[in-house]
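Here is what each chain is made of, one letter per residue.
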Amino acid sequence: KHESFILLDCPFGIASAAPKLDGSLKARWHPWKATHRKLYGSNEERWRRTVWEKNMKDLHNQEYNLGRQSFTLAMNAFGDMTNEEFMQVMNGHQNQKCKKRRVFQEPCLAEIPPTVDWRKEGYVTPVKYQGHCGSCWAFSATGALEGQMFWKTGKLISLSEQNLVDCSQAQGNEGCNGGLMDNAFQYVKSNGGLGSEESYPYQVKVGPCKYRPEDSVANDTGFVDIPEQETAFMKAMATVGPISVAIDASHLSFQFYEDGICYERHCSSGDHGILVVGYGFEGEESSNNKYWIVKNSWGEAWGKNGYIKMAKDRNNHCGIATTASYPTVN
């Protein structure tokens, strides 16, 4: 399917000198720190406030108010991070040669509805938080497998990202330094199972592999890659369930997304693993108001309760259909 792809390395550098602080923002700085429980050392606070002030000034919604933009931005818990730091800590995708893969065969007679939302069908667990660890790939993979296991068993069980972070290095993943969803699916198959979140809780760091076969609550028989076209992706989404994808999440528009359909003019290929759980459109269906429903792994305080609407049918925006895949179960 691909000549090569990048380990999803989920987005960190610190500049040395901090310019003068803006006194007019002081009254907003302290409440923001309190809200997000930010504690800094004496040498760090000035620098962090400088970064925060710059981000505050960049987060104007003038384009949206003028009708030139379809989404809004808002200050959030990532406000004290430069975009470079953010990319290093919160994103993750690695270069490697692809093996021959099983490719999705589009159903000939399936009826494809205009909207789909697998959350309403019980396929999707609550939004999770990866913390400062490049493990987005693990959260994307568990999300897709949670959906397929629900289809198989009728039970929705939260699966262990930590199991994947600690144990799937042999398949090519690198814990908090990035990984790939297909590698995670391959690990589950080779390992003969995956633990639950309850039996193997998330630690925001790599540790020794503690998988126990008796704790396994999920398995797969491999995975299917979807052709790099939104039409094929839409058919898979309508007939399969939640699907793992990688998108370009390196821009301020994603870091501080609040609401609306996100269309980033400077998007390119994917560096961040996420889960697509459906699609739809706003108002009357047209070329510019369709969206993919995306579940992120940055907690419910980010975006729209942890979700983002990504522009759909606009030339594979942000690479959303480039590395789409899902695990197979039987």
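Reading the values: rules and limits
- Residues numbered from 1 in each chain as written.
- Predicted model: local features only at pLDDT ≥ 70, side-chain atom pairs only at ≥ 80, totals over all residues.
- Heavy atoms only, no water.
- UniProt positions renumbered as here; feature names shortened; annotations may be inferred.
- Axes fitted to C-alpha atoms, helices over the stretch in contact; angles between N-to-C directions.
- Helix = DSSP H or I, 4+ residues; strand = E, 2+ residues; numbered from the N terminus.
- Parallel < 35°, antiparallel > 145°, perpendicular 65-115°, else oblique.
- Contact = heavy atoms within 4.5 Å.
- Nonpolar A, V, L, I, M, F, W, Y, C, P; charged D, E, K, R; others polar.
- Left-handed = near helix turned anticlockwise from the far one by under 90°.
- Disulfide = S-S within 2.5 Å.

With an unreviewed UniProt entry as reference, the protein chain is termed Cathepsin V, source organism Myotis lucifugus. Quoted straight from UniProt, the Subcellular location (unreviewed entry) entry for the protein chain says "Lysosome". Looking at the protein chain in UniProt, the text filed under Sequence similarities (unreviewed entry) is "Belongs to the peptidase C1 family."

(A) Inspection of the packing of helix H1 (residues 26-35) against helix H2 (residues 45-58) at higher detail. Where H1 meets H2, the closest approach of the two axes is 11 Å, and the angle between their N-to-C directions is 110 degrees. Between H1 and H2, the interaxial angle falls into the category roughly perpendicular. Between H1 and H2, the residues in contact are Lys-26, Arg-28, Trp-29, Trp-32 and Lys-33 and Glu-45, Arg-48, Arg-49, Trp-52 and Met-56, respectively. Per-class residue counts for the contact of H1 with H2 are 4 nonpolar, no polar and 6 charged.

(B) The arrangement of unusual backbone geometry in detail. A positive phi angle, near 55 degrees, is found at Asn-305, a position not held by glycine. Among the secondary structure elements, Asn-305 is positioned in the loop between strand E11 (290-295) and strand E12 (307-311). Positive phi is not limited to glycine here, since Cys-318 has a value of about 60 degrees. Mapping Cys-318 onto the fold places it in the loop between E12 and strand E13 (325-328).

(C) Molecular detail of the packing of helix H5 (residues 136-153) against helix H7 (residues 181-191). Closest axis-to-axis distance for the H5/H7 pair is 8 Å, and the angle between their directions is 60 degrees. Between H5 and H7, the interaxial angle falls into the category oblique. Crossing hand, H5 versus H7: right-handed. Between H5 and H7, the contacting residues are Trp-137, Ser-140, Ala-141, Ala-144 and Leu-145 on the first element and Met-181, Ala-184, Phe-185 and Val-188 on the second. Considering only residue class, the contact of H5 with H7 consists of 8 nonpolar, 1 polar and no charged.

(D) Structural view of the state of the cysteines. Applying the stated criterion across every chain yields a total of 3 disulfides. Across the disulfide, Cys-167 is cross-linked to Cys-209 (sulfur-sulfur distance 2.0 Å). Across the disulfide from Cys-167 to Cys-209, rotation about the S-S bond amounts to roughly 100 degrees, and the bridge is consequently right-handed. Linking Cys-167 in helix H6 (residues 161-167) with Cys-209 in the loop between strand E5 (194-195) and strand E6 (216-218), this pair joins segments that are 42 residues apart in sequence.

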